Amino acid sequence: MKPIIQLAPIKGVTDKTFRSAFVRHFGGLDSALAPFVRMSDSESRIKSLSPELNPGIRTVPQILAKSPDEFLALAEKFRNMGCGEVNWNIGCPFTVVVKRGEGAAMLQYPDMIASFLEKVFAEISISVSVKMRLGMHSPDEIIKLMPVLNAYPVKEIAVHPRTGEQMYDGEIYLDAFESALKLSAHPVIYNGDLKTVSDYNRLRESFPSVKGWMIGRGLLINPFLAMEIVTGKIETDEVKSERIKQFIDYLLDAYIQELQSPAHVLDKMRGVWYYLSQSFPDSRKVEKRIRKAGSLNHYRDEVRRIFE
């Protein structure tokens, strides 16, 4: 059976322009989860998640909220745009988010999550999925959370097998993930540190009941990863180099058309290269050269030199 692969949300990078360029140049993705939005975000940011502005890939809006009323208000906006699903983020570990009591901070309070879902599912008319971590402080927190999630018609649950305190580093608690997988009444998506085909094969063998695989950093570092997993085919270095160059050039032109300021365009490209540079032999030098580019012409010269 073909693996189900989703593009994970990377704030500041995997926006609609990136998603569109990515699916145009690379394959293997079934859907994308967009970086979270909040009720206070601009209308233009919210509208950027409409299906008509995300051609080529089913994009699920992700909502960061601790208020069920705010969640429902945003979900209604997305429903009116034609979206059939929204995702609730209770996994974001960023300090500013946690201090507001949102994201991973909510994992400490099963009763609060139950109250939230009770209100949401009493009123919502589209599907709701959840993206979460094992807990805020302890990987065992998820054991108390699974019965709460099981009580509501959640479409699926994406689980990153770390705690909020760990951010994106440190040990992955696969034993705790396995326990959550066994307890879940809903389909489970694995998310976290899947960077190679070998990683995928190892995890698939360990967790055959996982529904799908959400990949973020691994796809930004190696854009061919999803297709390599799906087909088992590895392109030559020459082919990879040419297609990455085409992707980077296309993405640059797309941002130039979309953004008014060259500085904003450069910021976007630096964010992409922060990850992509890690696929090059001299990754630190490559990233540094892009980071120090002070103009679009300087950036283009550096890109040309990198690929030469």
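Quick caveat, the model's predicted, so the values are computed rather than measured.

Student: Looking at this structure, how should I read the overall build of the protein?
Tutor: From N to C terminus, the protein includes 14 helices and nine strands. Relative to the compact-globule value of 19 Å for 308 residues, the protein shows a C-alpha radius of gyration of 20 Å, a close match. Seen through its C-alpha atoms, the protein measures out along the principal axes to roughly 55 × 45 × 35 Å. For the protein, contacts bridging at least 24 residues in sequence account for 72% of all contacts bridging at least 6. Counting every atom, the protein has about 14,200 Å² of accessible surface; 50% of that belongs to carbon and sulfur. Distance between charge centroids for the protein: 4 Å, based on 41 positive and 38 negative side chains.

Student: What am I meant to see in the side chain of Asn191 here?
Tutor: Inspection of the secondary structure assignment puts Asn191 in strand β8 (residues 188-191). A distance of 3.2 Å separates the side chain of Asn191 from the backbone oxygen of Met214, its partner in a polar contact. Dropping the residues within four chain positions of it, Asn191 is found in contact with Ala8, Lys131, Val159, His160, Pro161 and Met214.

Student: What is the right way to look at the pattern of salt bridges in this model?
Tutor: Should the charged atoms of two oppositely charged side chains come close, the side chains can pair. Throughout the structure, instances matching the rule amount to 26 salt bridges. In this structure, Glu102 and Arg100 form a salt bridge, with 2.9 Å as the shortest nitrogen-oxygen distance. Since its relative accessible area comes to 5%, Glu102 is described here as buried. Between Arg305 and Glu302 there is a salt bridge, and its shortest N-O distance comes to 3.7 Å. Note that Arg305 and Glu302 are positioned in helix α14 (residues 296-307) at a spacing of three residues, about one turn of the helix. One network of salt bridges, with partners in common, ties together Arg38, Arg100 and Glu102.

Student: In this structure, what is going on with helix α1 (residues 16-25)? I would like to understand it.
Tutor: Helical geometry: 3.6 residues make up each α-helical turn, so side chains three or four residues apart lie on a common side. If you check which residues of α1 are buried, you get Thr17, Phe18, Arg19, Ala21, Phe22 and His25. The inward-facing, buried residues of α1 contact β1 (5-7), β2 (31-33), β3 (58-60), α9 (217-221), α11 (237-258) and α12 (262-276).

Student: Just checking my understanding: could you explain the sheet that holds strand β5 (residues 85-90) for this structure?
Tutor: Adjacent strands of a sheet form backbone hydrogen bonds with each other and so pair up, either parallel or antiparallel. As summarised here, the arrangement of the nine strands in space is β3-β2-β1-β9-β8-β7-β6-β5-β4, forming an open sheet in which the pairing is parallel. If you trace the sheet from one side to the other, it starts and ends with β3 and β4 (62-63), each paired once.

Student: Got a minute to help me understand the nonpolar core in this structure?
Tutor: Across soluble globular proteins, nonpolar side chains show a tendency to be buried alongside one another. The biggest cluster of nonpolar side chains holds 92 residues, and the ones touching the most others in it are Phe71, Ile124, Met132, Ile248, Trp273 and Tyr299. Top element by residues in this core is α12. It accounts for seven residues. The residues contacting Phe71, other than those within four sequence positions of it, are Ile63, Ala65, Val86, Asn87, Trp88, Phe116, Val120, Ile124 and Val128. Ala8, Leu33, Ile189 and Met214 belong to the second-largest nonpolar core, a separate cluster that totals six residues.

Student: Is there a simple way to explain the packing of α12 against α14 in this structure?
Tutor: Two measures define how a pair of helices packs: the angle their axes make with one another and the distance between the axes. Viewed as axis vectors pointing N to C, α12 and α14 meet at an angle of 25°, and their least axial separation amounts to 10 Å. Looking at the two axes, α12 sits roughly parallel to α14. Contact with α12, carried on its side by Pro262, Val265, Leu266, Met269 and Trp273, involves Leu296, Tyr299, Val303, Ile306 and Phe307 of α14 and no other residues of that element. For the contact of α12 with α14, the residue count by class is 10 nonpolar, no polar and no charged.

Student: What am I meant to see in the pairing of β5 here?
Tutor: Remember that side chains alternate between the two faces of the sheet whenever the strand is regular. Of all six residues in β5, six are buried; the element is thus mostly enclosed. With burial as the criterion, each face of β5 is covered, one bearing Glu85, Asn87 and Asn89 and the other bearing Val86, Trp88 and Ile90. Of the strand pairs in this sheet, β4 and β5 are connected by two bridges, and their pairing is parallel. Opposite Ile63, over in β5, you have Trp88 as the bridge partner. In this view, the connection linking β4 to its parallel neighbour β5 by way of helix α3 (residues 68-81) has right-handed handedness. Note that β5 and strand β6 (residues 127-135) share six bridges and pair parallel. Within β6, the position partnered with Asn89 by the bridge is Lys131.

Cut-off values and rules
- Residues numbered from 1 in each chain as written.
- Predicted model: local features only at pLDDT ≥ 70, side-chain atom pairs only at ≥ 80, totals over all residues.
- Heavy atoms only, no water.
- Helix = DSSP H or I, 4+ residues; strand = E, 2+ residues; numbered from the N terminus.
- Rg over C-alpha atoms; globule rule 2.2 N^0.38 Å.
- Contact = heavy atoms within 4.5 Å.
- Areas by Shrake-Rupley, 256 points an atom, 1.4 Å probe, with all protein chains shown as cover.
- Lys, Arg positive; Asp, Glu negative; His and termini not counted.
- Charge placed at Lys NZ, Arg CZ, Asp CG, Glu CD.
- Polar contact = N/O pair within 3.5 Å; in protein donor to acceptor, adjacent residues only side chain to side chain.
- Salt bridge = Lys/Arg side-chain N within 4 Å of Asp/Glu carboxyl O.
- Buried < 20%, exposed > 50% of the residue type's maximum accessible area, 1.4 Å probe, protein only.
- Pairing = 2+ DSSP bridges.
- Core = buried A, V, L, I, M, F, W, Y, C linked by side-chain atoms within 4.5 Å.
- Axes fitted to C-alpha atoms, helices over the stretch in contact; angles between N-to-C directions.
- Parallel < 35°, antiparallel > 145°, perpendicular 65-115°, else oblique.
- Nonpolar A, V, L, I, M, F, W, Y, C, P; charged D, E, K, R; others polar.
- Right-handed = clockwise from strand over helix to strand, strands pointing away.

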